[in-house]
Amino acid sequence: MKMKKTLTSFIVAFLLSALWLSSVSAVELKVFAAASLTDAMRKVGAMYEKAGGDKVVFNFGASSTLARQIEEGAPADLFVSADEIQADKLDKAGLLLHDTRVSLLSNLLVIVVPKESKLVIQSPGDLLGDAVKRISMGEPRTVPIGVYAKAYLVSKGLWARLESKVVPTENVRSALAAVETWNVEAGFVYRTDALISRKVRIAYTVPAGDGPKVSYPFAVVKGTENLAASKKFLEYLGSKDALGIFEQYGFAVK
Amino acid sequence: MDETWHIVWFTLGSALLSMVVILPIGLPLAWLLARKEWPGKSIVETIIALPLVMPPVATGLILLKVAGRRGFIGSFLHEHFDMDIIFTWRAVVLALAVMSFPLLVRSLRVALEGVSPRLEGVARTLGASPLRVFFTVTLPLAARGIIAGVVLAFARALGEFGATVLIAGNIPGRTSTLAVSTYLYIQLGQDDAAWKLVAISISFAFVAVWLSEWLGRKQRVTV
Amino acid sequence: MIYFSAQVFLPLNHFPLEVAFEARDLVTGVFGPSGCGKTSLLESICGLRSPTRARIELRGRLLADAAKGISLLPEKRNIGLVPQDLALFPHLNVRQNILYGVKKGAPTIHLDHIMEVLEIGSLLPRPIHSLSGGEKQRVAFARALLASPELLILDEPLSSLNFALKQKIVTYLIRIRDEFKIPMLYVSHDPLEIMELCQEVLIMEEGKMIHRGKPGDLFRSCLSPVH
């Protein structure tokens, strides 16, 4: 009986100290970043850790979804959006450290089709053809890729006629997957997403001057508990090493 | 307000259609499970129960694979009938059907098991074929439980989200169900609209579950 | 003459049911304690259970023969069953219940005759749940009889009734026996019922038939009705 009591108290003590130790361990930065940055950011984060920096944990998704989560109090240290609109939303609500906000990257819009598709798109107007039944893009009302795509098609006078073909998706990667699986004939994604996928090909690249200006603002979230560490990582993201990685993946450095 | 009504009617219609699809399959299956022993029965029972236990998006992913244009069923339909499932209203009905199927079979089975096999046996000795026994004895006595089961499955279909959003998306006017639209409104920051849909969803769920419970309390007549 | 013969082998929970007999009397009784396999025997003869080995013949017609791979479906055996709990259809009224088994074309037993013998004419439109114990009993008999069975099996039909009611119903059974002359297999654990109705009785214990003979001879010692 005494043996059992000793054993129990030993286990409890062990568990408690393990819990305490884990909370006292090194800083873990939570970065909420746009889905299109998934692969590049992961690589940069790994590099940072290897170079002796803090551990970085990512939450990738549609910038609109992430912004909403931060609004509801999700514990984020950094926010990287795929458009200024979502960052403005949080900034206005006082949820970002405005002084830290910096737009580091840009991207290009492309129209992708399944790799073996015979579809030819020489201009966005070709999307009107019967061969294109459905076009995937992020939800045009909130997800940046959708917002950009809609703005572009509006500027070309095509949106009204194409709207019925649009399949809104959760985020840019879902739009990509829809094309990869042949469930839509074409989709709007960022050039960087198209480069990553082996199952799609770029049918048309929206020229930089022709389309909307894609911009990725980076900022430290106001509610962060790791201010110094967050600023440090943000600085790193703007460093030559990090930007070089982004360029490798096809992002344009501003 | 217009949009809201469209969403509500579309959801009700899709759920109803999904019931029409799964009832003719679920009832014979429930009977086989309730009354007969056969090889592989436990495996079939487990497979039927899977959508009930698996994360809905996981089920949705499987459906995406099978019903997509490159999938087993999807490619067949696309090639021979120029018919697509994914991202159309058919995907909504499919998702609702698959996700509420386990609940339906389960409820139907319980309803059928509630009918005394001795009654069925005596009916047989009176010269009735198994089919006649089913329609004149089993079904009438299980009717309340069956309706309760359908109502419950219908309620489940009304609230389905995970698989639906994956294979049907949220195409305004085409595949917007109550649950999926609520999610979108939250994304858009239109909380008022979202709460309106939530209130509607709760009302439907409340009525459906209450009705199902009330029917389930069949009056047992002792003979 | 042999009304029917049955050879049944069926493994049960604690012992196998192993019975072989020929019924040479109109009403054959089966007597035994509960759990001795009586109900399983009845279900096997009706076709509601599939014995491992069986050979059942009714008036020269082969109902089941395991060796030849024959096993007629219950609905084809023409054997009426009145189970212990009567199994009246609760969702149908009396008339619908008793007419359930009537075959189109050749009703050899007429509704009027039954109604007269069993005195159920006034009960026809009533729902089952409104009937008394005795009334339900008679309705169950009527239902089985109207299907014109070649063999009628009654499984402890009076066990749930009080003594006075039992006496009353026994008179109906005697009427049925004498009026319709259908071979019956009557299961009971009450020696008095068996003595009144049956011309022969089989005594069962643990799945086997251990005695057969005239009820009077076998139950000589059971003359006092304390049970």
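Residues numbered from 1 in each chain as written. Chains lettered and ligands numbered in written order. Predicted model: local features only at pLDDT ≥ 70, side-chain atom pairs only at ≥ 80, totals over all residues.

1. Side note on the overall build of chain B
Working step 1: Across its full length, chain B holds ten helices and zero strands.
Working step 2: Counting only C-alpha atoms and orienting by the principal axes, one finds that chain B spans roughly 65 × 40 × 30 Å.
Working step 3: Pairs at least 24 apart in sequence give 73% of the contacts found in chain B among residues at least 6 apart. (Helix = DSSP H or I, 4+ residues; strand = E, 2+ residues; numbered from the N terminus. Contact = placed C-beta atoms within 7 Å.)

2. A few points about the packing of helix 5 (residues 89–113) of chain B against helix 7 (residues 130–159) of chain B
Residue and element names in this part refer to chain B.
Working step 1: Interhelical geometry of helix 5 versus helix 7 gives an angle of 155° and a closest axis separation of 8 Å. In terms of orientation, helix 5 and helix 7 fall into the roughly antiparallel class. Between helix 5 and helix 7 lies a crossing of right-handed hand. Contacts between helix 5 and helix 7 involve Leu96, Met99, Ser100, Leu103, Leu104, Ser107, Leu108, Val110, Ala111 and Leu112 from the former and Thr138, Ala142, Gly145, Ile146, Ala148, Gly149, Val150, Leu152, Ala153, Arg156 and Ala157 from the latter.
Working step 2: Class assignment for the residues of the contact of helix 5 with helix 7 results in 15 nonpolar, five polar and one charged. (Axes fitted to C-alpha atoms, helices over the stretch in contact; angles between N-to-C directions. Parallel < 35°, antiparallel > 145°, perpendicular 65-115°, else oblique. Left-handed = near helix turned anticlockwise from the far one by under 90°. Nonpolar A, V, L, I, M, F, W, Y, C, P; charged D, E, K, R; others polar.)

3. What to know about the domain arrangement of chain A
Residues and elements named next belong to chain A.
Working step 1: For chain A, the domain assignment lists domain 1 (27–106 + 215–253) and domain 2 (109–205).
Working step 2: Domain 1 and domain 2 are separated by 26 Å when their C-alpha centres are compared.
Working step 3: With 15 residues of domain 1 at the contact, the number on the domain 2 side is 17 residues.
Working step 4: Elements that contribute at least two residues to the side of domain 1 that touches domain 2 include exactly helix 3 (63–71) and helix 4 (84–92).
Working step 5: Within the side of domain 1 that touches domain 2, the residues separate by chemical class into seven nonpolar, six polar and two charged. (Domains from an automatic or database assignment.)

4. Focus on the sheet that holds strand 1 (residues 28–34) of chain A
Residues and elements named next belong to chain A.
Working step 1: An order of 2-1-3-10-4-11 is seen for the six strands of this open sheet, with the pairing classed as mixed. Sheet topology places strand 2 (55–61) and strand 11 (252–253) at the edges, where each strand pairs with a single neighbour.
Working step 2: Bridge analysis of strand 1 against strand 2 gives seven bridges, and the strand direction is parallel. Opposite Phe32, over in strand 2, you have Asn59 as the bridge partner. (Pairing = 2+ DSSP bridges.)

5. A word on the arrangement of the chains
Working step 1: Contact analysis covers two pairs of chains in contact, and the most contacts occur between chains B and C.
Working step 2: These two, chain A and chain C, are apart from each other, with no contact and a minimum C-alpha gap of 46 Å.

6. Quick look at the nonpolar core
Working step 1: Core analysis: the largest hydrophobic core is formed by 200 residues, its most contacted members being Leu78, Phe79 and Ile145 of chain A together with Ala95 and Ile167 of chain B.
Working step 2: Per element, the largest residue contribution to this core is 16 residues, and it comes from helix 5 of chain B.
Working step 3: Counting contributing residues per domain, this core is built from domain 1 (27–106 + 215–253) and domain 2 (109–205) of chain A, each supplying no fewer than three. (Core = buried A, V, L, I, M, F, W, Y, C linked by C-beta atoms within 7 Å. Buried ≥ 20, exposed ≤ 12 C-beta atoms within 10 Å, placed from the backbone.)

7. Focus: the pairing of strand 4 (residues 102–106) of chain A
Residues and elements named next belong to chain A.
Working step 1: As defined by bridge partners, strand 4 adjoins strand 10 (residues 216–220) across three bridges and the pair is classed as antiparallel. Its bridge partner being in strand 10, Ser103 is matched across the sheet by Pro217.
Working step 2: Taken together, the two bridges between strand 4 and strand 11 define a ladder with antiparallel strand orientation. Its bridge partner lying in strand 11, Leu105 is registered against Val253.

8. Considerations on the interface of chain B and chain C
Working step 1: Counting residues at the interface gives 17 residues for chain B and 22 residues for chain C.
Working step 2: Listing elements by their share of the side of chain B that touches chain C, those giving two or more residues are helix 6 (117–125) and helix 7 of chain B.
Working step 3: A per-class count over the side of chain B that touches chain C returns ten nonpolar, five polar and two charged.

9. Focus on the pairing of strand 10 (residues 200–205) of chain C
Residues and elements named next belong to chain C.
Working step 1: Both strand 3 (residues 27–31) and strand 10 contribute to a ladder of four bridges, which runs parallel. Looking at the pairing, Val30 lines up with Leu202 of strand 10.
Working step 2: Here strand 10 pairs with strand 11 (residues 208–213) via five bridges, running antiparallel. What sits directly across from Glu205, in strand 11, is Lys208.
Working step 3: Counting the residues in the hairpin turn of strand 10 and strand 11 gives two residues, including Glu206, whose phi is positive at 50°.

10. Details of the packing of helix 1 (residues 2–35) of chain B against helix 7 of chain B
Residues and elements named next belong to chain B.
Working step 1: At a minimum axis distance of 9 Å, the contact between helix 1 and helix 7 shows a crossing angle of 135°. For the element pair helix 1 / helix 7, the angle class is oblique. In this structure, helix 1 meets helix 7 at a crossing whose hand is right-handed. Touching Thr11, Ala15, Ser18, Met19 and Leu23 of helix 1 are Val150, Ala153, Phe154, Ala157 and Leu158, all from helix 7.
Working step 2: When the residues that make up the contact of helix 1 with helix 7 are grouped by side-chain class, the tally is eight nonpolar, two polar and no charged.

11. Some remarks on unusual backbone geometry
For residues other than glycine, phi is negative in most cases, and the peptide bonds are mostly trans.
Working step 1: Here Asp82 of chain B, not a glycine, exhibits a phi torsion of approximately 50°, which is positive.
Working step 2: Mapped onto the elements, Asp82 of chain B comes out in the loop between helix 4 (72–81) and helix 5.
Working step 3: A residue is classified by how many C-beta atoms lie within 10 Å of it, and Asp82 of chain B, with 8 of them, is exposed.
Working step 4: The phi angle at Asn78 of chain C is positive, at roughly 65°, despite the residue not being glycine.
Working step 5: When the 20 C-beta atoms within 10 Å are taken as the criterion, Asn78 of chain C is described as buried.

12. Description of the interface of chain B and chain A
Working step 1: Across the boundary between the two partners, chain B contributes 13 residues, which contact 13 residues of chain A.
Working step 2: A per-class count over the side of chain B that touches chain A returns six nonpolar, five polar and two charged.

13. Re the environment of Arg55 of chain C
All names here are of chain C.
Working step 1: By secondary structure assignment, the location of Arg55 is in strand 4 (residues 53–58).
Working step 2: The class for Arg55 is partly exposed, based on 19 C-beta atoms found within 10 Å.
Working step 3: C-alpha separation for the pair Arg55 and Ile45, spaced ten residues apart in sequence, amounts to 9.2 Å.
Working step 4: Setting aside residues up to four positions removed in sequence, Arg55 forms contacts with Gln7, Ala64, Asp65 and Ala66.

14. Here we look at the confidence of the model for chain A
Working step 1: Looking at chain A as a whole, the pLDDT averages 92, with 97% of positions reaching at least 70.
Working step 2: Mean pLDDT across the secondary structure elements of chain A bottoms out at helix 1 (residues 2–24) of chain A, with 75, and peaks at strand 3 (residues 78–80) of chain A, with 97. (pLDDT = per-residue confidence, 0-100.)

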